[in-house]
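Okay, here's what each chain looks like letter by letter:
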Amino acid sequence: MTAITPRQDAQTAVRTALSTSARPARPGPVSTSLTFWWRALLKIKHVPEQLFDVTAFPIMFLLLFTYLFGGALAGSTTAYLQEVLPGILALTVAMITMYTGVTLNRDISKGVHDRFRSLPVWRPATLVGPLLADVVRYSLAATVMIVLGLALGFRPGAGLTGMVVAVALLLVFAFSLSWVWTMLGIIMRSENALMSLSMLILFPLTFVSNVFVRPETLPSWLESLVAVNPIAILVTAMRGLAHGHPATGEITAVLAISAAFVAVFGPLTMLAYRRKT
Amino acid sequence: MPPHTPGDLDGVALQADPLSAAAAAGPTLAIEASGLVKHFGATRAVDGLDLRVPTGTVYGVLGPNGAGKTTAIRMLATLLRPDAGSARVFGLDIVSEADAVRSRVSLTGQFASVDEDLTGLENLVLLSRLWGYSRATARTRARALLEAFDLAAAAERQVKTYSGGMRRRLDLAASIVVTPELIFLDEPTTGLDPRSRNQVWDIIRALVAEGATVLLTTQYLDEADHLADRIAVIDHGRVIAEGSSSQLKSSVGSGALHVRLFDPAQRPFAEPLLARALNAPVRLEADPAALSATVSDAQRVTQALSELSRAGVALATFALGQPSLDEVFLALTGHPAEADIDDGPASTEEAAA
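Keep in mind the model is a prediction, meaning the values are calculated, not measured.

1. What to know about the packing of aromatic side chains
Residues and elements named next belong to chain A.
1) Next: Enumeration over the complete set of coordinates arrives at 13 aromatic pairs over all chains.
2) Next: Measuring from centroid to centroid gives 5.7 Å for Phe69 and Phe212, while their planes differ by 80°, and the two rings are edge-to-face. Pair noted here: Phe69 is in helix H3 (residues 52-74) and Phe212 is in the loop between helix H8 (191-207) and helix H9 (220-227), with a separation of 143 residues, a long-range link.
3) Next: A centroid spacing of 6.3 Å and a plane angle of 85° characterise the contact between Phe175 and Trp179, whose relative ring orientation is edge-to-face. Residue Phe175 and its partner Trp179 are both found in helix H7 (residues 159-187); the two are separated by four residues, about one turn of the helix.
4) Next: Relative accessible area serves as the criterion here: at 4%, Trp179 is assigned to the buried category.

Set out below in structure tokens:
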């Protein structure tokens, strides 16, 4: 344990530590966000179990849906995989964004946020940092899924580049969608309530889409719903990018939706964070 | 004894005292709060709080659980917006100039404000980076702080493995990554063993010796007595008494006079004499030679003693004891300080923390 130092020495040591401190210049928003990003990565390093959701879910979802629906919907699993993989990728990552809110909810309730909030730093960095670390988690999920997909026979028409661009678009969307959960994570009092609400939003959003089935096969009212579903638009854009026929309209739409999420939920989140007592 | 009304103590705050004299001489107030109010639902956690804290002093905010201490400190540290009233820290408004306030203060919350998952070193590097140190300087600064706070051996361990005292020290180290001019310490020694408590007290004294102002809340009367230059006693969200420790004590009465007679046979004669001279009821102790009385005016004691001697009553011993802060609190609030009072604010404060 700690050595017993004479109290006089301890006083001197503390006084020295105080007097040697020069005041550095205030860091900017980017530097501050990166520091909080580093903190979030450290937490992953110390508690690696939190990567379970980004490794196990992708594997389970991909195997489950490919083999369950492949034969019935596309004649063969390999044929189905070409269409379904970009979709399941979007679905899985969208599902995982939900954990952002839960983690943040847990984190904010701890005393350390009192200290962060009493620092003269760019406040949104406290939330932007963890969200950027989550982008790392999402990339991990995407990598796991694509590698498994390639092993199962997925062959993207646009090669690796197309796939990388598709994933990049997905990450932008996921980062933006995370702000919704972040806001809910701050507002809602209990983790359970937050989980239930997230499920309630995410299940219809991901399943009432073009991920598993062609929207033409749906009743017309449902088909028109799918047409405006952000996940469906994202999946169309990703499929296009992966297979070498980029849909510019959809890509633009995804970027616009993402910007809108940040523009609306970013300030709302910060407002809630500031009000949080 | 009935609770005193705040008005009783006006004289106390005005008594000549080097600190208030200095405060009057220049704009050297670290904190100036007037009429701060914060309510959570129907509960008024802080209900019209006034504080004037001179720079370079340790200011103690003393009160039982639920008195509104934490809420008050969180407002002053810009974590909570007051519902009414205003406060300035070094002349800066805590609402409109919150960011400027934040660069000059630091807060050590009641519940350890360090990250349990990270190591001690990582915690301090993180804060050093947030204060703007470069990567390399941040590590040097973190190492130096760990050394100074006797934590070097535990630098690479996760904070969740730390003892309460170590955690507190890390917390204090985290508060002085950049030397703050004002440090808020919310119950800095609650739950610590005596040795750790002494360490924390030494650190606080070192902070003040280096010129910092410290505002600490405590529910321990001896802590306020030992550390604080001035003390505000708060109850139900407002200041009910303010002054130095001895001023507070004398405001409740000078204490108790204990007299022991040379000859027990003289006691029946001494009792009415003493009662008249002190103008207070005199108690006969179990010891047949002893008498005691609560004294409101120390002047009368000398009078009473000389009257006894003139009347030929010989004294073996006499003692005038100052009241403890416990007695002060009881006198001021009508309830003891350390008892948990089971009303709304206590739970609200916990929810707020």
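2. Looking at the domain arrangement of chain B
1) Next: Splitting chain B by domain gives domain 1 (6-250) and domain 2 (255-321).
2) Next: A separation of 44 Å is found between the C-alpha centroids of domain 1 of chain B and domain 2 of chain B.

3. A closer look at the environment of B:Ser306
1) Next: One can find B:Ser306 in helix H12 (residues 298-310).
2) Next: At 2.8 Å, the side chain of B:Ser306 and the backbone oxygen of B:Gln303 are in polar contact.

4. Re the environment of A:Ser76
Residue and element names in this part refer to chain A.
1) Next: Within the secondary structure, Ser76 sits in the loop between H3 and helix H4 (77-108).
2) Next: Judged by relative accessible area, Ser76 falls into the partly exposed class, the value being 30%.
3) Next: Considering only alpha carbons, one finds Ser76 and Thr66, 10 residues apart in sequence, at a separation of 9.3 Å.
4) Next: With near-sequence residues (within four places) excluded, Ser76 lies in contact with Gly70 and Gly71.
5) Next: Within the structure, Ser76 has its side chain in polar contact with the backbone nitrogen of Ala79 (distance 3.0 Å).

5. Description of the confidence of the model for chain B
Residue and element names in this part refer to chain B.
1) Next: Residues with a pLDDT of 70 or more make up 84% of chain B, whose mean pLDDT is 81.
2) Next: Taken element by element, the predicted model of chain B shows its lowest mean pLDDT in helix H14 (residues 344-352) (37) and its highest in helix H5 (residues 120-130) (95).
3) Next: Confidence drops under a pLDDT of 50 for residues 1-26, and excluding neighbours within four residues, the segment shows 32 contacts in the predicted structure.
4) Next: Taken as a whole, residues 339-353 scores under 50 in pLDDT and shows 24 contacts with residues more than four places along the chain or in a different chain.

6. A few points about the pattern of salt bridges
1) Next: On inspection of all chains with the given rule, the structure shows 27 salt bridges over all chains.
2) Next: For the salt bridge of A:Asp114 with B:Arg74, the shortest nitrogen-to-oxygen distance reads 2.6 Å. One end of the pair, A:Asp114, is in helix H5 (residues 112-117); the other, B:Arg74, is in helix H3 (residues 69-76), on a second chain.
3) Next: When its relative accessible area of 14% is taken as the criterion, A:Asp114 is described as buried.
4) Next: A residue is classified by how much of its surface remains accessible, and B:Arg74, at 4% relative accessible area, is buried.
5) Next: Measuring nitrogen to oxygen at the nearest pair gives 2.8 Å for the salt bridge that ties B:Arg44 to B:Asp47.
6) Next: Under the relative-accessibility criterion, B:Arg44 is labelled partly exposed at 41%.
7) Next: Here B:Asp47 falls in the buried class, since its relative accessible area comes to 18%.
8) Next: Several salt bridges converge on common partners, so that one network encompasses A:Arg39, A:Lys43, A:Asp107, B:Asp115, B:Asp117 and B:Lys160.

What counts, and where the lines are drawn
Residues numbered from 1 in each chain as written. Chains lettered and ligands numbered in written order. Predicted model: local features only at pLDDT ≥ 70, side-chain atom pairs only at ≥ 80, totals over all residues. Heavy atoms only, no water. Phe/Tyr/Trp six-rings, centres within 6.5 Å; stacked < 30°, edge-to-face > 60°. Helix = DSSP H or I, 4+ residues; strand = E, 2+ residues; numbered from the N terminus. Buried < 20%, exposed > 50% of the residue type's maximum accessible area, 1.4 Å probe, protein only. Domains from an automatic or database assignment. Polar contact = N/O pair within 3.5 Å; in protein donor to acceptor, adjacent residues only side chain to side chain. Contact = heavy atoms within 4.5 Å. pLDDT = per-residue confidence, 0-100. Salt bridge = Lys/Arg side-chain N within 4 Å of Asp/Glu carboxyl O.

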